Structures are given as structure tokens and as C-alpha cells.
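Close look at the chain arrangement
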Amino acid sequence: MATETVGSPAFIASGNTKVYKNFIDGEWVESSTGETFEDRNPADTREVVGIFQKSGKDDVNAAVDAAKRAFERWRLVPAPRRAELVFRAAEMLAERKEEYSRDMTREMGKVIKETRGDTQEAIDTAYYMAGEGRRLFGPTTPSELPNKFAMAVRHPLGVCGMITPWNFPMAIPSWKLLPALVCGNTCVIKPAQDTPLSTFNLVRTLTDAGVPNGVINVVSGFGSSVGGPLTEHSDVRAISLTGSTAVGRTVGTTAAKSFKHCSLELGGKNPMIVLDDANLELAIEGGLWGGFGTTGQRCTATSRIIVQKGVYREFVERYVARAKRLKVGNGLDESVDMGPAINEAQLKTDLSYVDIGKDEGAKLVCGGHRLEKGEYQHGYFMEPTVFIDVEPKMRIAQEEIFGPVVSIIACNGLEDAIEIANGIEYGLSSSIYTKDVNKAFVAMRDLYAGITYINAPTIGAEVHLPFGGTKATGNGHREGGIGAIDFYTEWKSVYIDYSDKLQKAQIDRVD
Ligand code: NAD
């Protein structure tokens, strides 16, 4: 097949398919392995969205070397100037929003209105972080000694490694790259192998906005051959992973050996509580959006709905009737509600949980099957699936499925609901529907999760608030807003003594 160089140097055309390269030290380069992999459309696997470099350790080393060199210059650029480039990137992303959102639906499957939201999240993050360039606040505080001044200033860490998942292929890279840049770090990012194009689109925009060579580097490829060497590299000072709890455990353990800063944003099994006094129509609408948005492939997906017994039957009847009417299909069709699973392995996992749920004795009342005829024959489609009469300890109510499978559980009241909600290994998002302000406040206090929504489903985070979870959802860090600034900087406390004599803290005091 003839190959020619076209358009942006980021890719070359191989027939009708673009071959994307790694981005190292400001150059678009082929992998040292000479190997590539395909990024296929999960709604129609006949379409190859792009061909990407299947990189290895040497590529990681080259990218880290470039980032290390660039750090010595970038850290000295004043933060407001660094932030101006991020602001410019926000403006350019807004202009390119439709193009990038369509690319994202093609590579990832989620419906176009959701991929527009994903791109918008990167735009919002860019505007927010651009403003942060003129803050990066730290405390100034009185000294305990006379004629002495004290303050704490934020310093960048150095080279930051970033490993991202496929479900928010532009938003999540933006949560990592943009605060890291504004804080003065340089970056090496490994995008998910299912969705590298959206990360490339984001990085190309930052480059077009003027971010200097070596400050951002992209190495595409797989977890063990790129993510592993990046985590192990002794010149990488921080690793930020968003992914599964199993991979988080591996990455966290490896990073700990060299005392890297390490932020882990991992799995979820998020509960939505519906009490007897709830606005039922609102709760049904929220539960459908939370359960089947992004085909259930959100870390914050509403995968458990815990309904008080007084409204249980009515909720189930109306929820299931609506779930059956959701339109499944190619996400580029504006009328479609739910796209495909990301890949064959994820679809198999989703279907395997249908069998697990049936074997455990839960009642399957909606869906449960693969869709494979007609328009579905070339994609990884599945029906929206609902189990009712689920017991809290069943596997379908405990394990993250990451697909369009919702478990409905009955509860006796608020206390029981909170116990069920908290009775899992994860603690990302949570929600409650009630009109009783007292109950809402109890839930706000007692749901042990990083996020709680009142009268909204478990999804819908905004970029300026901390994002992350408790227990097996992570290791205590937060992305978004000031949480990200805290991760991508470290404190230096500075004491300035203008007394012209030696003053000893804790010792020189008049009692
Ligand atoms: P995954 O854990 O399979 O992969 C995540 C990333 O880690 C990918 O880029 C992958 O290539 C890389 N990786 C895999 N093995 C690695 C290794 N040994 N060393 C280093 N890197 C490695 O997850 P996924 O399937 O891409 O995404 C789905 C998961 O992500 C779900 O569990 C979901 O809950 C979670 N997620 C969490 C959040 C959050 O903020 N808490 C957000 C989105 C997704």
C-alpha cells in the first residue's frame, strides 16, 4: 500500500488510514520497535480510525530524557506565561471541538453529545488552569521569632508520567497535563491503547498554542511495555494513573520503590439511593443517565440503585419501561442514547456478569443480550440491562462491571441504604434522592465516598472541584481544581531572618 506524508507531521497516510507517530522533544517520530497497532471504531470494527506506534522502553527513555532537559527551561518560565499558552490552547480547542468530538466518538463509541462534553471538559480545565497561573497560592505566616518572615512556596516536581484510560480520552489527559504544565512540570503521557487519537488531538493543540519542545511528550502503546517502564524510570518524579484498581495496585507498588509521588484514580461501584419521599420521575431520569450514559463505562456510573421499599415496585416498573426504550447504536447518530462497549473483551465481561447475576438468583428484567444483527453486526453492542431484587453481597452488586448493567436493590430506609451503599470495596461517587433536607445532610455526612450528589445521579463532576475517591478507588489524591495543583507541586517552606543575629526556633523564647 502506498504511503505518503500529508498534512500535519503528526501522521502519514497509509492508503486511507493515518499512521500517527510518537511526539518526543517536539518531533513526531516512529517507535524504535518499528511496530504499530490499530485503533478501530467499536461501533463498526471495519473502520480503522488510526494506526499508532507500538512503543517500547527505548521510546520511553527518549521521551523522559527530552522532558528532563526541557524541565530546566520550563520551570523558569513565569507561571502566568505558562498559563497563557494553556489559555490559548483552550481557545483553539473550542474552535476544534466538533472535529475532535467526532474523532472521539469514532474511536471510543460514546454518543456525540457525550464526546462534546468530554472535549468541553478539557476546554473548561484549560480555562480554569490558565487562571491558576496567576494564583498558585501558598501561605505567608508570622514567624514565632522577631524580625523574621515565613512563607511556603510551590515548586514543580520535574518530569511527570501520566497513564490514562479510554473512557474519557481527552478530559482525563487534560486533568493531568494542564495543571502539570501550569505548575512548571514537563510531561510524558501514555494514552490508553483503545483511544490514543484524542490524546494526540489534545497534545497537537497544546503544541500549536506554543508549548515548547520537550515539555509534553506522547508515547503510545501498551501497559506493560510503555506504562511499566514509565513507572519504573528513575528520572520520573511523579506518576498519575487513572485506570482499574488492579493496575493501580501494580503501578502504586512500583512507584513506591523509588518514592515517586503517585496519584491513583481507580474503579467505582457507585450507589444511588432513592427514598420514599423522592421525586420519582427525577430519580428515574437520573438513574437512566447515570446507569447507561457512556454505556455504563464511567468510573462514576450509577451501577447500583438502592430503592426504599415504599416506592420500590413503582420505581422498578417505570425505570425498566424507560430502559427498554433507550436507542442503542452508532454514537454519531444524534438520536442514539447508548453506544457500544469499547472492545470485545469488555463486551464479554459485561455478558459474563449477566450469567453471574442469573446464577446468583437476581431477576433479569431488561436486556442481557448482545445485539449483533443488521446495523449492529460489526460492533460491540449490548442491550441496556437491569437486574432487580439484587442482594447487596451478590457479585453484580459488589464488583465493577464497567458496562450497561444496573443492579436494583431494595432497602428499608436511610440507615439501611447507607450501610448497603458503603458496603463495597470502592468509594468514588454516591447519590441520594430525597426531599427531606435532614436526610440529605445525613447522607452527605455518612456516605463514605469522594463525591456525593443530592437529587442528581452519580455522574456529573465539574472541573473546579476535587475529583477522586476513598478505599480501593485511589490513594487519597484528588484531580480537578486545587487538588491537582497540590499533586503537581511540592512545598518549600522559606524563612527569612532579618534580625542580623542567630535566632533559635523553639529555644529563644521569653516565657
Ligand atoms: P486499565 O487499568 O486497564 O488501563 C489504564 C491504563 O493503564 C491504560 O493506559 C493501560 O495501558 C495502562 N496499564 C495497564 N497495565 C499497566 C501496567 N502494568 N503498568 C502501567 N500501566 C499499565 O483501565 P481501562 O480499562 O483503560 O479503564 C477502565 C478503568 O479505569 C475502570 O476501572 C474505571 O473505573 C477506571 N477509571 C477511573 C477513573 C477515576 O477517576 N477514578 C476515571 C476513569 C476510569
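Residues numbered from 1 in each chain as written. Predicted model: local features only at pLDDT ≥ 70, side-chain atom pairs only at ≥ 80, totals over all residues. Heavy atoms only, no water.

We now examine the site of the ligand. Around the ligand, 26 residues are found, and the nearest of them are Thr 164, Gln 193, Ser 244, Leu 266 and Glu 400. Here an oxygen atom of the ligand and a backbone polar atom of Gly 223 are 3.4 Å apart. Side-chain polar atom of Glu 400 to an oxygen atom of the ligand: 2.6 Å apart, as the coordinates give it. Isolated, the ligand exposes 860 Å² of accessible area, and the fraction of that covered by the protein chains is 87%. For the shell around the ligand, the elements supplying multiple residues, two or more each, are α6 (223–232), β13 (236–242) and α7 (245–257). Its residues assigned to classes, the shell around the ligand shows 13 nonpolar, ten polar and three charged. When residues of the shell around the ligand are assigned to domains, at least three fall in each of domain 1 (2–135 + 147–266 + 474–492) and domain 2 (270–454). (Near = heavy atom within 4 Å. Polar contact = N/O pair within 3.5 Å; in protein donor to acceptor, adjacent residues only side chain to side chain. Areas by Shrake-Rupley, 256 points an atom, 1.4 Å probe, with all protein chains shown as cover. Helix = DSSP H or I, 4+ residues; strand = E, 2+ residues; numbered from the N terminus. Nonpolar A, V, L, I, M, F, W, Y, C, P; charged D, E, K, R; others polar. Domains from an automatic or database assignment.)

Contact geometry for helix α12 (residues 414–422) and helix α13 (residues 437–446): axes closest at 11 Å, N-to-C directions at 25°. It follows from the interaxial angle that α12 and α13 lie roughly parallel. In the packing of α12 onto α13, the handedness of the crossing is right-handed. Contacts between α12 and α13 involve Leu 414, Ile 418 and Asn 422 from the first element and Lys 439, Val 442, Ala 443 and Asp 446 from the second. Here the residues of the contact of α12 with α13 sort into four nonpolar, one polar and two charged. (Axes fitted to C-alpha atoms, helices over the stretch in contact; angles between N-to-C directions. Parallel < 35°, antiparallel > 145°, perpendicular 65-115°, else oblique. Left-handed = near helix turned anticlockwise from the far one by under 90°. Contact = heavy atoms within 4.5 Å.)

This brings us to a nonpolar patch on the surface. A cluster of nonpolar side chains, namely Val 437, Phe 441, Met 444 and Ile 454, defines an oily patch on the protein surface of about 370 Å² accessible area. For the nonpolar patch, the element with the most residues is α13, which contributes three residues. Residue placement: Met 444 occurs in helix α13. Classification of Met 444 by relative accessible area gives partly exposed; the value is 41%. (Patch = residues over 30% accessible without salt bridge, like charges linked within 9 Å, V, L, I, M, F, W, Y side chains within 5 Å. Salt bridge = Lys/Arg side-chain N within 4 Å of Asp/Glu carboxyl O. Buried < 20%, exposed > 50% of the residue type's maximum accessible area, 1.4 Å probe, protein only.)

So, about the packing of aromatic side chains. Each aromatic ring pair is characterised by the separation of its centres together with the angle its planes make. On inspection of all chains with the given rule, the structure shows 14 aromatic pairs. Consider the rings of Phe 23 and Trp 28, whose centres lie 4.3 Å apart with planes at 35°: the pair is tilted. With respect to burial, Phe 23 and Trp 28 carry one shared label: buried. Between Phe 52 and Phe 200, the aromatic rings sit 5.3 Å apart at their centres with planes inclined by 65°, giving edge-to-face as the arrangement. Residue Phe 52 is located in strand β7 (residues 44–53), and its partner Phe 200 is located in helix α5 (residues 196–208); the two are separated by 148 residues in the primary sequence. In this structure Phe 200 comes out as buried when scored by relative accessible area, which is 0%. Among the aromatic residues, ring-to-ring pairing joins Tyr 20, Phe 23, Trp 28, Phe 37, Phe 52, Phe 200 and Phe 222 into one connected group. Note that Lys 54 overlies the ring of Phe 222, its terminal NZ or CZ placed 5.6 Å from the centroid. Above the ring of Tyr 128, the side-chain terminus of Arg 135 is found at 5.8 Å from the ring centroid. (Phe/Tyr/Trp six-rings, centres within 6.5 Å; stacked < 30°, edge-to-face > 60°. Lys NZ or Arg CZ within 6 Å of the ring centre and 35° of its normal.)

If you trace the backbone, Leu 502 turns up in the segment after β26 (489–497). The exposed category is assigned to Leu 502, whose relative accessible area is 68%. When the C-alpha positions of Leu 502 and Gly 339 are compared, they lie 69 Å apart, and in sequence the two are 163 residues distant.

Once that is clear, we can look at the sheet that holds strand β15 (residues 270–274). Here we have seven strands laid out as an open sheet, ordered β17-β20-β21-β16-β15-β23-β24, and mixed in their pairing. Either end of the sheet is taken by a strand with one partner, and the two such strands are β17 (363–366) and β24 (451–454). Strand-to-strand twist across the sheet, computed as the mean angle between neighbouring axes with direction ignored, equals 25°. Sheet topology places strand β16 (residues 302–308) next to strand β21 (residues 405–411); five bridges connect them, and they run parallel. The residue bridging Ile 306 from the neighbouring strand is Ile 409, located in β21. With respect to the sheet, helix α9 (residues 309–324) is in contact with β15, β16, β17, β20 (385–388) and β21, its orientation differing from that of β16 by roughly 145°. (Pairing = 2+ DSSP bridges.)

Attention now moves to the side chain of Arg 96. Secondary-structure assignment places Arg 96 in helix α2 (residues 79–108). For Arg 96, the residues in contact, after removing those within four places along its chain, are Arg 204, Thr 205 and Asp 208.

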